[in-house]
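# Coordinate inspection notes
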Amino acid sequence: NCSILNKAVGFRYLEAMRSVNSRCEREFAKHNAKVILVTSTVKGEGKSTVALNLAYSLSKSQHTVMLIDGNLRSPSLHKMVEQDTYDFKMDDFLAGKLKSSGAIVNLEGTRVLMIAPTIPSKDPIKQLNSEAMGNFINNAKAKVDYVIIWNMVHRHVGNCLMRQFLQNTVMV
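Residues numbered from 1 in each chain as written. Predicted model: local features only at pLDDT ≥ 70, side-chain atom pairs only at ≥ 80, totals over all residues. Heavy atoms only, no water.

As a further point, take the overall build of the protein chain. Tallying secondary structure elements over the protein chain gives 7 helices and 6 strands in all. The secondary structure elements of the protein chain, listed N-terminal to C-terminal, are α-β-α-β-α-α-β-β-α-α-β-α-β. Here the protein chain holds 172 residues, and the buried ones make up 49% of them. (Helix = DSSP H or I, 4+ residues; strand = E, 2+ residues; numbered from the N terminus. Buried < 20%, exposed > 50% of the residue type's maximum accessible area, 1.4 Å probe, protein only.)

All right, on to helix H2 (residues 47-60) then. Over its 14 residues, H2 extends 20 Å from the first C-alpha to the last, a length consistent with the 20 Å expected when each residue adds 1.5 Å. Buried residues dominate H2, accounting for 12 of its 14 residues. By the burial criterion, the buried members of H2 are Lys47, Ser48, Thr49, Ala51, Leu52, Asn53, Leu54, Ala55, Tyr56, Ser57, Leu58 and Ser59. Downstream of H2 by one or two residues, Gln62 has phi in the positive range, about 70 degrees. (Expected span 1.5 Å × (residues − 1).)

Turning our eyes to something else, we now look at unusual backbone geometry. With a phi close to 50 degrees, Asn32 is a non-glycine residue in the positive phi region. Considering the arrangement of structural elements, one finds Asn32 in the loop between helix H1 (11-31) and strand E1 (35-40). Given a relative accessible area of 62%, Asn32 falls into the exposed group.

For helix H6 (residues 131-143), spanning 13 residues, the distance from its first C-alpha to its last is 18 Å, which sits close to the expected 18 Å at 1.5 Å a residue. For H6, every residue scored as buried is listed here: Met133, Gly134, Phe136, Ile137 and Ala140. An end-on view of H6 places all buried positions within 160 degrees of arc, on one side of the element. In H6, those exposed residues whose orientation departs by more than 90 degrees from the buried face are Glu131, Ala142 and Lys143. (Arc of directions from axis to C-beta.)

Turning our eyes to something else, we now look at the pairing of strand E4 (residues 112-115). Here strand E2 (residues 65-69) pairs with E4 via 4 bridges, running parallel. For Leu67, the partnering residue across the bridge sits in E4 and is Met114. Here strand E3 (residues 104-106) hands over to E4 after 5 residues, with Gly109 in that stretch at a positive phi of 75 degrees. (Pairing = 2+ DSSP bridges.)

In this fold, Cys24 is placed in helix H1. Once the C-alpha coordinates of Cys24 and Leu54 are considered, the two residues, 30 residues apart in sequence, prove to be 8.9 Å apart.

Formed by 24 residues in total, the largest nonpolar core has its most connected members in Leu67, Leu107, Met114 and Ile148. For this core, the secondary-structure elements that each account for two or more residues are H1, E1, H2, E2, E4 and strand E5 (146-152). Not counting chain neighbours up to four residues away, the residues in contact with Leu107 comprise Leu52, Tyr56, Val81, Gln83, Val112 and Met114. Grouped together as the second largest cluster of nonpolar side chains are 20 residues, Val35, Ile68, Met133 and Val147 included. (Core = buried A, V, L, I, M, F, W, Y, C linked by side-chain atoms within 4.5 Å. Contact = heavy atoms within 4.5 Å.)

This paragraph deals with the side chain of Thr39. Within the secondary structure, Thr39 sits in strand E1. From its side chain, Thr39 meets the backbone oxygen of Asn151 in a polar contact 2.9 Å long. (Polar contact = N/O pair within 3.5 Å; in protein donor to acceptor, adjacent residues only side chain to side chain.)

Note on placement: His63 falls in the loop between H2 and E2. Note on His63: relative accessible area 17%, which makes it buried. Within the structure, His63 has its side chain in polar contact with the side chain of Glu25 (distance 2.8 Å). Excluding residues within four positions of it along the chain, His63 makes contact with Glu25, Leu58, Arg111, Asp145 and Tyr146.

Have a look at this one:
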């Protein structure tokens, strides 16, 4: 468990996450941004770990954060938290078949709200590029200090996300 909330995590890792947090806060302020996209084309690099720990770190700095698992082909953020989450597919949430109260969890002891589907999407590109996803992110931006999206780039997935959300977005 590489969570910065885990007391067994080493000092160097904690300091590295604090440094990433500080840099992100500076970039957010400099660019008047509220969204961070954590992405890469390579599996296993630690994107979800960085996204989750950045959310925790910003929360420790008294910020509210919406953390979105945008890896709709293989969602995994729900496995990384030591808390019950909802079993759902992002498609159903974005189609309005599921209320926020049945998809978004407040991570205990933090100021982090997380939406992390457990069931893969049938068409992740369509979902990520949908008007409903854009509306959800815009609504989240109006309610929290920061929105963090982690996404595994697959050919066109990154392009659609970047095209739709690149304005005032910090990418890691």
